[in-house]
Number of protein chains: 2
Amino acid sequence: MVQYKLTYFDIRGLGEPARIIFHYAGQKFEDDRITGSLDSFRDQLPFGQIPVLTIDGTTKIAQSQAIYRLLARRFGLAGKDDVEQAQIDSYGDFIQDLNQNARQYFLVKNGRAEGDVEKLEKDLQTYIDTKWVKYFDRIFEASGSGFIHKSGVTWIDFVITNIYETAVNLDLKPTAGIKHFKTIHDNVKALPQLKEYFSQRKQTPF
Amino acid sequence: MVQYKLTYFDIRGLGEPARIIFHYAGQKFEDDRITGSLDSFRDQLPFGQIPVLTIDGTTKIAQSQAIYRLLARRFGLAGKDDVEQAQIDSYGDFIQDLNQNARQYFLVKNGRAEGDVEKLEKDLQTYIDTKWVKYFDRIFEASGSGFIHKSGVTWIDFVITNIYETAVNLDLKPTAGIKHFKTIHDNVKALPQLKEYFSQRKQTPF
């Protein structure tokens, strides 16, 4: 049997969607949570960063979305053919566009950078209102499945669920206010395959 | 036969790696180049942006990397199994990390934003020197193929070739100075499958 190890910090962050995929699939994996510095083993990581997925003790895959896509393809959470996979990939990149626009606001709101938090919040809200949410809403409403794709739950719904939880916990209003982020979050939290995991997993703000 | 149309501006930019994949594969496609504004048909685009790939007149795929990955899988330029595909995906995301760090410098250098170009150039050089190039060099040197992956040329080599050409044309010194960007560029430009395309394609600075 294939052995999987996911190495990440002891938070949800960029590791959590991969953990959710494993739990949804009922696939055992080593949940390797780093509490100290990466410096002592940074050189063993493909790009000096985590998350890293190690397969069978030797093959290492870095970059969060590359990890999600690989696991999702293996466990039936990536779309039923290559066109659906590409569509779901593109939703992932569209979520990344939002994350890039939200990044500075997230950092300032959490005291990890200096800046005018009110201006940043207003700018992010304007971006979402004028350039982002109408496309997202259209895609979600066309799917009709309660998830982002018409074929049902995929890895990108887990990414959205994780972002929404962080936005609510940290009071990131523009992101927490995206109506269908809450819908998707609620539908993912209700999946019977994940009930046990969500009820007992470690709680962290992000 | 499947019909492909690639809609993008009349520049290399985010469209060119997809065009190179088509030409490498000898696959006919409609090279739909927009010279005016997107506003009259923005609402027909999945996220209001281009590039967009249209398959058989109806299925639309947006987001540049989602397009490259789909075409690369169809035409044998994505790695030979799912682990190789994930590794190549992760190199794509690592290149995106570089692009994100270079973005403001690119904009200021080209007069499209205000800023201190010398400071931005210095910051980008520091990021490349301390956090980026050692990992990239290690991956390239381990491959031994003259391309980023040991299995030979993949879509990510076309992405790198395109970035390198822009960096040279626009005198973006930190990026143009990445040693193995030039190596990969030179090896891609020498591929017999692409000689004709590169000799006759439209020249644009980026």
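Residues numbered from 1 in each chain as written. Chains lettered and ligands numbered in written order. Predicted model: local features only at pLDDT ≥ 70, side-chain atom pairs only at ≥ 80, totals over all residues. Heavy atoms only, no water.

- Under an unreviewed UniProt entry, chain A has the name glutathione transferase and belongs to Bursaphelenchus xylophilus.
- The UniProt entry for chain A carries the following text under Sequence similarities (unreviewed entry): "Belongs to the GST superfamily. Sigma family." (UniProt positions renumbered as here; feature names shortened; annotations may be inferred.)

1. A short note on the sheet that holds strand 3 (residues 52–55) of chain A
Residue and element names in this part refer to chain A.
- Across the sheet, which stays open at both edges, the four strands sit in the order 2-1-3-4 with mixed pairing between neighbours. Edge strands, defined here as strands with exactly one partner in the open sheet, are strand 2 (30–34) and strand 4 (59–62). In this sheet, adjacent strand axes meet at a mean angle of 20 degrees when their direction is disregarded.
- Bridge count between strand 1 (residues 4–9) and strand 2: five bridges; the pairing is parallel. Bridging from a neighbouring strand, Leu6 pairs with Asp31 of strand 2.
- In this fold helix 1 (residues 16–25) packs onto strand 1, strand 2 and strand 3, with an angle of close to 150 degrees to the strand it touches most, strand 1. (Pairing = 2+ DSSP bridges. Helix = DSSP H or I, 4+ residues; strand = E, 2+ residues; numbered from the N terminus. Axes fitted to C-alpha atoms, helices over the stretch in contact; angles between N-to-C directions. Contact = heavy atoms within 4.5 Å.)

2. Re the pattern of salt bridges
All names here are of chain B.
- Taken as a whole, this structure holds 40 salt bridges over all chains when the rule is applied.
- For Asp10, the salt bridge is made with Lys202, and the minimal N-O distance between the two is 2.5 Å. Separated by 192 residues along the polypeptide, Asp10 in the loop between strand 1 (4–9) and helix 1 (16–25) and Lys202 in the segment after helix 8 (195–200) bring together distant segments of the chain.
- Across the salt bridge formed by Lys189 and Glu165, the nearest N and O atoms sit 2.7 Å from each other. (Salt bridge = Lys/Arg side-chain N within 4 Å of Asp/Glu carboxyl O.)

3. Things to note about the pairing of strand 3 of chain A
Residues and elements named next belong to chain A.
- In strand 3, alternate side chains face the same way, and those of Val52 and Thr54 on one face and Leu53 and Ile55 on the other are all buried.
- Across four bridges, strand 1 lies against strand 3 in antiparallel orientation. Across the sheet, residue Tyr4 finds its bridge partner in strand 3, namely Ile55.
- The pairing of strand 3 with strand 4 spans four bridges and is classified as antiparallel. In the strand pairing of strand 4, Leu53 is matched with Ile61.
- Counted between consecutive antiparallel strands, the loop separating strand 3 from strand 4 contains three residues, among which Asp56 sits at a positive phi close to 50 degrees. (Buried < 20%, exposed > 50% of the residue type's maximum accessible area, 1.4 Å probe, protein only.)

4. Concerning helix 4 (residues 117–143) of chain B
Residue and element names in this part refer to chain B.
- At Trp132, helix 4 is bent by approximately 55 degrees, the largest bend along its length.
- Those residues of helix 4 lying buried are Leu124, Tyr127, Ile128, Trp132, Val133, Tyr135, Phe136, Asp137, Ile139, Phe140 and Ser143.
- Here the buried face of helix 4 lies against helix 3 (82–109), helix 5 (155–169), helix 6 (173–176) and helix 7 (179–189).
- Where helix 4 begins, the capping side chain belongs to Asp116, and its oxygen is found 3.2 Å from the backbone nitrogen of Glu118.
- A positive phi of about 70 degrees marks Gly144, the residue just after helix 4. (Bend = angle between axes of the 7 residues up to and from the residue. Polar contact = N/O pair within 3.5 Å; in protein donor to acceptor, adjacent residues only side chain to side chain.)

5. Let's talk about the packing of helix 3 (residues 82–109) of chain A against helix 2 (residues 64–74) of chain B
- For the pair helix 3 of chain A and helix 2 of chain B, interaxial distance at closest approach is 8 Å and the crossing angle is 155 degrees. In terms of axis orientation, helix 3 of chain A runs roughly antiparallel to helix 2 of chain B. Two packed elements cross with a definite hand, and for helix 3 of chain A against helix 2 of chain B that hand is right-handed. On helix 2 of chain B, the residues touching Asp82, Val83, Gln85, Ala86, Asp89, Ser90 and Asp93 of chain A of helix 3 of chain A are Gln65, Ala66, Arg69, Leu70, Arg73 and Arg74 of chain B.
- Classifying every residue of the contact of helix 3 of chain A with helix 2 of chain B gives four nonpolar, three polar and six charged. (Parallel < 35°, antiparallel > 145°, perpendicular 65-115°, else oblique. Left-handed = near helix turned anticlockwise from the far one by under 90°. Nonpolar A, V, L, I, M, F, W, Y, C, P; charged D, E, K, R; others polar.)

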